[in-house]
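# Fold and contact review
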Amino acid sequence: MTKNITSLKAKNISAGYGEQIIIRNINLDIYESSITTIIGPNGCGKSTFLKSISGIINPVEGNIEIYGNDVTNLSTFELSKIGLGYVPQSENIFPSLSVEDNLKMGGYILNSIQYKKNLDKVLDMFPDLKSKLQDSSSNLSGGQRQMLALSRALMLDPKIIMLDEPTAGLSPIIVNEVLENIISLKNSDLSVLLVEQNAKKALQVSDFGVVFSFGKKVIEDVADKILKDKEISKLYLGG
Amino acid sequence: MKYIDLIFENKTIFVLFWIILLLSLLKPWLFVNGILIGSLYALGSIGLSLIYGNLKFANMAHGDFMTLSSYVALALLLFFFPNSDQSASVGPFTFKYELLIVIPFTVVFIGFLAVLFDKLIYKKLRDFGAAPAAIALTSLGLAVGLRGLIQFIWGTDSTRFPRESKLFWDLPFKIKIPPDMFFCAIVAFIIALTFYFILFKTKLGKAIRATSDNPDLARITGINTERIILYIWFIGGVLAATSGILISMQQAIITPVMGWKILIPLFAAVIVGGIGNPIGALMGGLLIGITGEIATGWINPSYKPAVYFLVLLIILLLRPNGILGSKGRQF
Amino acid sequence: MDSILYFLIGFLIMSGIYSVFSVGLNIHWGHTGLFNIGIASFFLLGSYTAAIISSPSPNIEKYEEYLWGGNLSQLSILGIDFWFPLVLILSALVCILVAIPLALITIRLKEDYLALVTLGLAETLRIIFVNESWLANGTRGLYSIPRPFDLIDRGNYDYIYFVIVMITLALVYIIAQRATNSPWGRVLRGIKDNENTMISSGKNVLRFKVEAFAFGAGIMGVGGALFTHGKRFIDPITFEPMLATFIIWSMLMVGGSGNNRGAVFGAFLMWGIWTFTQFLPGFLSDANLRFVFVGLIIILFQLYKPNGVIPAK
């Protein structure tokens, strides 16, 4: 596996809520056209890491670079303008808006021509949503909800996309569908940073794997190697 | 139609609804008065509901913003048009053209003032994640301070709002409508509908609703939520100012406590209609107005505030999420 | 010299009375996080209860429509004014009885609904007492309210009342301090800090909140009764929100919510500022500027020192 251009570089990130520090001194690079998956037990700081990258919480120390530019002090909405997409784990759609309006909010900063273009592109990728545009988004099924959340994030043509447990609570068939979508993202030159409980399946589609434990990065390697490593399997992949 | 169904869903609400309807048939002139006064309450409560729904706290200073706007409008009128007493009034109404010129300036001024207070006060509270009650308490401080300022500048006594006396319109069934009140009601309805259009049909309105749903997610999608919040304050200020001025036009007298006294009916209307729902606030305002007026047909009119309080209590007991809202516990 | 001393005693009496309210509000806000902006409701209820039950039955010459008058002030046992503590207790009881249903309706809902309801209650009670003149002589108010422990000449009575206020304040303070340091008080602070933890640890949060609201309201009732017998004249205007609600909030904000000592300190400080700014020259003594000041105090302390000058340990 060749390593492409580094798109996102997290240097020495520590972050948490208020006084409580949850992740400590995390270094992580992710690369163009690749999928990196972070796995680890509940509460190990995976989601906190994504939140601190996206600026929802401010890291107490460390630097974040996107394509070589320091973006540590940018606020969340500015980060999304320069190409960082993020789909949080839960509450990742606007329930009081219709499906179409959710996508419209996804493309909030676009002008109407670009918006139309991106909307068509996203709907090509998720044709299921096409017939539901006028529906209230709170009536969507779990899988459709994830698709809406993902398409919402894709409305801005991100270069990097972070997905927090996109398969949580979905049936096995839909899990595969979502993972296929993620692979197709990678093929269109995106860098994907994935956080997953469904570790085995996620690593199977990933290029790189990272293991977090107690707020620290403990292992970083090519995904295949992590899958094959017996020790890691026993500890983090459920045997 | 959905709203009508909801009203009939709950038996107690159903009974109360019929009682009000029956009583209003007995004295239809009170019903009409109630609609006119209720439309003014509606305008005030739409602004209050907007802030309550989107910024998640009970803004105790809303009433004092209304008071302030009345005084500012009056001051501008007297300053720029000192001779407006002699000029002719508009059509069948009691107010002069000059007042109509002054209103937009006042309204925009109050809107910007609300934005300024957000920058000075509420932004800081948001940044350190203050609890809703702590923010509401701070707005109480602002309410007290504003009232003190109004009393310091314009005195504690009531002030006359310049007007020319005009005849009421006489309609059948003893219905008498002061033309001014009709004007105010029409303006209130137009503004309520415009605001509804903004909130549900425009991109800005959708961004406001998105921010209210989930501010973090709104930021992730690229919405500058801090700017959206400033829009919310501006619109809230404009709605407060408009309703404040319309109420003073209609009452012809303004006092420093008028805004504070109106808080209870406004909050009752907001809760009846469901917090954050502008159409709900409009209907809530009308309901409160009608109930209050009809009650005066049987009890001492000075008990009107007590009636509003009673409506608030009944709503909190029966449907704390409002008549249009869902059942059960909120948040 | 004597007049200055007398003025100071008057000032200390009022500060002491306000301290009682401030301690009561501290139970609501500082210890439990209950947002009560209708302190005036309990102020009014406590005051009128005390006035009505202690005053002699009305005669036609003095009052036209007023009907009541419990004349409790005749009750003395072994020459001691036993009636006065009884008045304090009854005033507290009336407030508690009103507070409980109010709390039951609103506390299960959003936290600021309590504020709206207390606000509405204060205004409603005021209107009732304005309109129903049979109840308490309407806008003309009740006067010549009896003095407790009326032992020395009228000119120097304030010294006695000062002692009464200080003893009552001390008792209220001790009771509040005991309650808030008890396991019960610790649960309240737990509710304030993190309600969900308290729910998951099996505490009946609603019950604790209702109890705290009733307790605080009872203390405010005592404050109202103290006020009545100090001023000896009350009418509905006495209970306008500025001096019956807002200033008490500013006192608690300054002193430090969550801390009874701070609540008392804040009451003395704010009442001192309120009283002595009237001697400032020119427009500075304008009462309305004091409104602005009270408002600013609430805002600034919320922004920069939410725990007040004497924060809780």
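None of the values given here were measured: they were computed from a predicted structure.

Thresholds, definitions, all that
- Residues numbered from 1 in each chain as written.
- Chains lettered and ligands numbered in written order.
- Predicted model: local features only at pLDDT ≥ 70, side-chain atom pairs only at ≥ 80, totals over all residues.
- Heavy atoms only, no water.
- Axes fitted to C-alpha atoms, helices over the stretch in contact; angles between N-to-C directions.
- Helix = DSSP H or I, 4+ residues; strand = E, 2+ residues; numbered from the N terminus.
- Parallel < 35°, antiparallel > 145°, perpendicular 65-115°, else oblique.
- Left-handed = near helix turned anticlockwise from the far one by under 90°.
- Contact = heavy atoms within 4.5 Å.
- Nonpolar A, V, L, I, M, F, W, Y, C, P; charged D, E, K, R; others polar.
- Buried area = accessible area lost by both parts, 1.4 Å probe.
- Salt bridge = Lys/Arg side-chain N within 4 Å of Asp/Glu carboxyl O.
- Polar contact = N/O pair within 3.5 Å; in protein donor to acceptor, adjacent residues only side chain to side chain.
- Core = buried A, V, L, I, M, F, W, Y, C linked by side-chain atoms within 4.5 Å.
- Buried < 20%, exposed > 50% of the residue type's maximum accessible area, 1.4 Å probe, protein only.
- Expected span 1.5 Å × (residues − 1).
- Pairing = 2+ DSSP bridges.

Time to look at the packing of helix α2 (residues 39-54) of chain C against helix α10 (residues 241-255) of chain C. Relative orientation and spacing of two packed helices are given, respectively, by the angle between their axes and the distance between those axes. All names here are of chain C. Running from amino to carboxyl end, α2 crosses α10 at an angle of 125 degrees, the nearest separation of the two axes being 8 Å. By the angle class used here, α2 and α10 are oblique. Judged by the twist between their axes, the crossing of α2 over α10 is right-handed. When α2 is examined against α10, the residues I39, A40 and F43 are found in contact with a partner set consisting of L243, A244, T245, I248 and W249. Along the lines of polarity and charge, the residues of the contact of α2 with α10 split into 7 nonpolar, 1 polar and no charged.

Turning to the interface of chain B and chain A, a few remarks are in order. Taken residue by residue, the interface counts 17 residues in chain B and 23 residues in chain A. Here chain B meets chain A over a buried area of about 1,900 Å², counting both sides, of which 64% is carbon and sulfur. Where chain B packs against chain A, one counts 1 salt bridge. The salt bridge involving K206 of chain B is made with D101 of chain A; its shortest N-O contact spans 2.9 Å. At the junction of chain B with chain A, the criterion picks out 7 residue pairs in polar contact (both at pLDDT 80 or more). At the level of elements, α8 (203-213) and α9 (215-220) of chain B are the ones that each hand at least two residues to the side of chain B that touches chain A. Of the residues forming the side of chain B that touches chain A, the biggest block, 6 residues, is contributed by α8 of chain B.

Moving on to the nonpolar core. Ranked by internal contacts, the top residues of the largest apolar core, which has 240 residues, are F49 of chain A, M60 and F65 of chain B together with F35 and W249 of chain C. Once you skip the residues sitting within four places of it in the chain, W249 of chain C turns out to touch L137 and L140 of chain B together with L25, W29, F35, N36, I37, I39 and I298 of chain C. Within the second largest apolar cluster, 35 residues are counted, among which are F126, I161, V175 and A202 of chain A.

With that settled, the discussion passes to α2 of chain C. Along an α-helix, a turn takes 3.6 residues, which lines up residues three or four apart on a common side. In this model α2 of chain C runs 23 Å from its N-terminal to its C-terminal C-alpha over 16 residues, within 8% of the 22 Å that 1.5 Å per residue would give. Of all 16 residues that make up α2 of chain C, 15 are buried, and the element is covered over most of its length.

Attention now moves to the interface of chain C and chain B. Size of an interface: often given as the accessible area lost when the parts come together. At the junction of the two partners, chain C supplies 43 residues and chain B supplies 47 residues. When the two sides are added together, the surface that chain C and chain B hide from each other amounts to roughly 4,100 Å², 74% of it contributed by carbon and sulfur. Considering only the surface of chain C that becomes buried against chain B, K110, L116 and L303 of chain C emerge as the three largest contributors, covering 15% of it. At the surface where chain C touches chain B, the tally comes to 1 salt bridge. As a salt-bridge pair, E123 of chain C and K261 of chain B come within 3.2 Å of each other at their nearest N and O atoms. Between chain C and chain B we count 9 residue pairs in polar contact (both at pLDDT 80 or more) in total. Sorting the residues of the side of chain C that touches chain B by element identifies α3 (83-106), α4 (113-131), α10 and α12 (287-304) of chain C as the ones contributing at least two each. Ranked by the residues each element gives to the side of chain C that touches chain B, the list is headed by α4 of chain C, at 13 residues. Residue composition of the side of chain C that touches chain B, grouped by class: 28 nonpolar, 7 polar and 8 charged.

We now examine the pairing of strand β2 (residues 20-31) of chain A. Residue and element names in this part refer to chain A. Pairing geometry for strand β1 (residues 6-17) and β2, over 8 bridges, is antiparallel. Across the sheet, K9 pairs through a bridge with D29, a residue of β2. What sits between β1 and β2 in their antiparallel hairpin is a turn of 2 residues, with G18 showing a positive phi close to 60 degrees.

We now examine the sheet that holds strand β10 (residues 216-222) of chain A. Residues and elements named next belong to chain A. Judged by pairing direction, the sheet is mixed, and its 6 strands sit side by side in the order β6-β7-β8-β3-β9-β10 without closing on themselves. A single partner strand is all that each edge strand has here, and the edge strands are β6 (84-87) and β10. Within the sheet, the average angular offset between the axes of one strand and its neighbour, ignoring direction, is 15 degrees. As paired elements, β6 and strand β7 (residues 160-164) share 4 bridges and run parallel to each other. Bridged to V87 within β7 is L163. Sitting on the sheet, helix α1 (residues 46-54) touches β3 (34-39), β6, β7, β8 (191-195) and β9 (208-213), and the angle it makes with β7 is about 145 degrees.

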